[in-house]
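# Overview (structure and organization)
Listed below, chain by chain, are the residues.
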Amino acid sequence: MPTTAHTLTDVAASDSTLRRFLHGLPGVDAVGLEARAASLGTRSIKTTAKAYAIDLAISMVDLTTLEGADTPGKVRALGAKAVHPDPTDRTAPATAAVCVYPDMVAAAKQAVAGSTVKVASVATAFPAGRAPLSVKLADVREAVAAGADEIDMVIDRGAFLAGRYMKVYDEIVAVKEACGTSARLKVIFETGELSTYDNIRRASWLGMLAGADFIKTSTGKVAVNATPANTLLMLEAVRDFRAQTGVQVGVKPAGGIRTSKDAIKFLVLVNETVGADWLDNHWFRFGASSLLNDLLMQRQKLATGRYSGPDYVTVD
Amino acid sequence: MTFEYAPAPESRAIVDIAPSYGLFIDGEFVEAADGKVFKTVSPATEEVLSEVAQAGEADVDRAVRAARKAFEKWSALPGAERAKYLFRIARIIQERSRELAVLETLDNGKPIRETRDADLPLVAAHFFYYAGWADKLDHAGFGPSPKPLGVAGQVIPWNFPLLMLAWKIAPALATGNTVVLKPAETTPLSALFFADICRQAGLPKGVVNILPGYGDAGAAVVSHPDVNKVAFTGSTAVGKQIARTVAGTRKKLTLELGGKGANIVFDDAPIDQAVEGIVNGIFFNQGQVCCAGSRLLVQESIEEELLQALKRRLSTLRLGDPLDKNTDIGAINSAEQLARITALADQGEAEGAERWSPACELPSSGYWFAPTLFTNVTQAHTVARDEIFGPVLSVLTFRTPDEAVAKANNTPYGLSAGIWTEKGSRILAVAGKLRAGVVWSNTFNKFDPTSPFGGYKESGFGREGGRHGLEAYLDV
């Protein structure tokens, strides 16, 4: 790393120190990064390891509904599923959280009451983030007041791409403050819009320096969301950040992860890049809604030896 | 609880290894003239896989005669006709690739993920590539209608048995030569399966002859008066002997010998990818690679950080059963090779270099050597000069690009080198100064049939692969 823990405190002293730091991070060779992610994708996970991985993945899912048409009824159904994902098999673990828009936090909170399931809310004018900071902060405060345990914020990609890193930094700091002590903050970069791996590494460090509890790939609302390569890159960033500051930050790939096979590939990335310290739902999450049903069907298959079918898992 | 991968072994059932094999001469499997046989074992378990006929001088003579006879017809075929056979061989290799991958892993000890994902695709690609050249030799830049040389005597090593066979046989056949090939004594099986593929492809008798055997058989191939071209891949010591034997004859010679490749990491390198490249450079095929990046030259300012990252990465390497799809590091090819690696590593320690290996359990049977790093190494250490041909990396440092180049070139060898930097101009500037046949930038150990491969100095001469690879088999 280009600096030491001692000087990290001064990194955000000004726009220019911040830029110098972020641009001094080691570069990313795209071909090499993708090759490494692909090679880890060839790990063959069988039998007991697969059963373990499927349960682990289920426990890491942020079960999400982010539609304009969301109703309290829909959120209640989602909450029930998060608590007991498989009605036919109560040994299936609960998911990590349900993730909803801020106005649905109260309903979600009620739906998961008494369980381990957290309520996450996408505040800060999700998914575009194109609103004044005051609006974003109000959004966050409302969600936290309604009981949200976690806030998923989007960064201002426009400011980031324009090189105005300090603006992005200040916004994250402000949102983190609005989260108070009760809510953990996930910072969404929308990696598909950042477009280069160098940018993704810089965004990761920027987010962590500003106090993110989690860094998250994407909103799930654009063409390119989580990929093995960008997730591997973010895992390397949290690993290096902890080595330098002692602070552990979580990672959440979101969008586009639909099958158990894919999810297991991500778990292999975690296992072989940052290891056991990140292999639980306090430090790693999947932002995915259709993934859960495939995990449940695979779980049933392991238990019974047969594939069931979409009618043997619930639609929401 | 941690994420432990359950065993994921590839099935052995796909490959049917016969209890014994003959020599492949003139399209038939035959016994050795003196009836000698030897055993080939799996380096991972020491299990005897098969008993193989051992070629002697008389067998070599028989094979060369068969190849000479076949040469007349084979060389007279239109290039497009020869191409048909080569394309057919390439397709059969693809169809049988899983079988061949398992076989190669059993006989050689390298992990199935390497035979499956690297060796076999490259083997097929070489035959496809040279099949494409067979009818275009007039346009290859060697003048109008260049002629084949005749009988090619080829001796190949045990580290990439089938791939080295492909590198040798594909260009030889494409250019109209016939072949007598001696595979290494520890890894004869895939060459014998290839003999079967030649029959399956309907290749005319005598065009390809395979003679498993020891060094004496190789020497007989090299010194046979009716061999027109000698191609050898192996150790520098044997290469020198061959050069002496061939000197003064009219035989054409190419040698692919040892190496002590420098992998140069500048302070602006993409660190995470450089670590992967270093790992791939020296631990691919347990480091038993002539172009391995066995000398890491790291800029002093990032030495500590890079070493830390490298050690962390080595701790995740998975060593064990080569047939397990999750194995990264397999077995050393033979007890003899293991002894050589062990002796050189011990010498490194005795000379004062600092030795480090990740905590890893070695299987109780078979030939194994843990991935090993040497730090505090200088140019004067044996581990920085001698080719170890095993999973042993020597780490040296430099301060300026000039020093990096000087150290990289300060070796009797010159086969490969690597440069890691985000600065494009530096890649070009440094690559131009390195005396190595292949220079990789921001990657390592990448092979492609279209790109020539070969060495400087004691790493040999001549090029294999690409258009340049044709020249070695043509009268130009």
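Reading the values: rules and limits
- Residues numbered from 1 in each chain as written.
- Chains lettered and ligands numbered in written order.
- Predicted model: local features only at pLDDT ≥ 70, side-chain atom pairs only at ≥ 80, totals over all residues.
- Heavy atoms only, no water.
- Helix = DSSP H or I, 4+ residues; strand = E, 2+ residues; numbered from the N terminus.
- Rg over C-alpha atoms; globule rule 2.2 N^0.38 Å.
- Buried < 20%, exposed > 50% of the residue type's maximum accessible area, 1.4 Å probe, protein only.
- Contact = heavy atoms within 4.5 Å.
- Pairing = 2+ DSSP bridges.
- Expected span 1.5 Å × (residues − 1).
- UniProt positions renumbered as here; feature names shortened; annotations may be inferred.
- Salt bridge = Lys/Arg side-chain N within 4 Å of Asp/Glu carboxyl O.
- Buried area = accessible area lost by both parts, 1.4 Å probe.
- Polar contact = N/O pair within 3.5 Å; in protein donor to acceptor, adjacent residues only side chain to side chain.
- Nonpolar A, V, L, I, M, F, W, Y, C, P; charged D, E, K, R; others polar.

### Points about the overall build of chain B
- When you go through chain B residue by residue, the secondary structure sums to 15 helices and 20 strands.
- Taken over the C-alpha trace, chain B has a radius of gyration of 22 Å; the compact-globule value for 476 residues is 23 Å, and the two agree within 12%.
- Projected onto its principal axes, the C-alpha coordinates of chain B cover approximately 65 × 50 × 35 Å.
- Across the 476 residues in chain B, those meeting the buried criterion constitute 62%.
- Taking all contacts inside chain B whose residues are at least 6 apart in sequence as the whole, residues at least 24 apart take part in 75%.

### Here we look at the sheet that holds strand β3 (residues 118-121) of chain A
All names here are of chain A.
- If you walk across this open sheet you meet the 8 strands as β7-β6-β5-β4-β3-β2-β1-β8, and the pairing is parallel. Both outer strands of the open sheet, β7 (250-252) and β8 (286-287), are each paired with one neighbouring strand and no more.
- Where strand β4 (residues 150-154) meets strand β5 (residues 184-188), 5 bridges bridge the pair, whose relative direction is parallel. Its bridge partner being in β5, I151 is matched across the sheet by L185.

### Considerations on helix α9 (residues 271-283) of chain B
Residues and elements named next belong to chain B.
- The first and last C-alpha atoms of α9 sit 18 Å apart over 13 residues, in line with the 18 Å expected at 1.5 Å per residue.
- Along α9, the residues that are buried comprise I271, D272, Q273, A274, V275, E276, G277, I278, V279, G281, I282 and F283.
- The first or second residue beyond α9 is N285, which carries a positive phi of 55 degrees.

### Concerning the UniProt feature "domain: Aldehyde dehydrogenase" (unreviewed entry) in chain B
- On the UniProt side, "domain: Aldehyde dehydrogenase" (unreviewed entry) is annotated at positions that read residues 29-475 of chain B here.
- The distance separating the terminal C-alpha atoms of residues 29-475 of chain B is 31 Å; by composition the span is 41% helix and 17% strand.

### Digging into the pattern of salt bridges
- Evaluated as defined, the whole model comprises 48 salt bridges over all chains.
- K186 of chain A is paired through a salt bridge with D152 of chain A; the nearest N and O atoms lie 3.1 Å apart. Linking K186 of chain A in strand β5 with D152 of chain A in strand β4, this pair joins segments that are 34 residues apart in sequence.
- Note on K186 of chain A: relative accessible area 0%, which makes it buried.
- Owing to a relative accessible area of 0%, D152 of chain A belongs among the buried residues under this scheme.
- In this structure, E403 of chain B engages K407 of chain B in a salt bridge whose closest nitrogen and oxygen atoms are separated by 3.2 Å.

### Remarks on the interface of chain B and chain A
- Opposite the 26 residues of chain B that make contact, chain A presents 30 residues.
- Between chain B and chain A, roughly 2,300 Å² of surface is buried when both sides are summed, and carbon and sulfur atoms account for 47% of that area.
- Looking only at chain B, the three residues that lose the most surface to chain A are F3, Y5 and Q273 of chain B, adding up to 29% of its buried area.
- Summed over the shared surface of chain B and chain A, the number is 4 salt bridges.
- A salt bridge links R201 of chain A to D272 of chain B; the nearest nitrogen and oxygen atoms lie 2.5 Å apart.
- Joining chain B to chain A, the criterion identifies 10 residue pairs in polar contact (both at pLDDT 80 or more).
- Contributions of two or more residues to the side of chain B that touches chain A are made by α4 (112-133), α9 and α10 (303-314) of chain B.
- The element that contributes the greatest number of residues to the side of chain B that touches chain A is α9 of chain B, accounting for 4 residues.
- Classifying every residue of the side of chain B that touches chain A gives 9 nonpolar, 5 polar and 12 charged.

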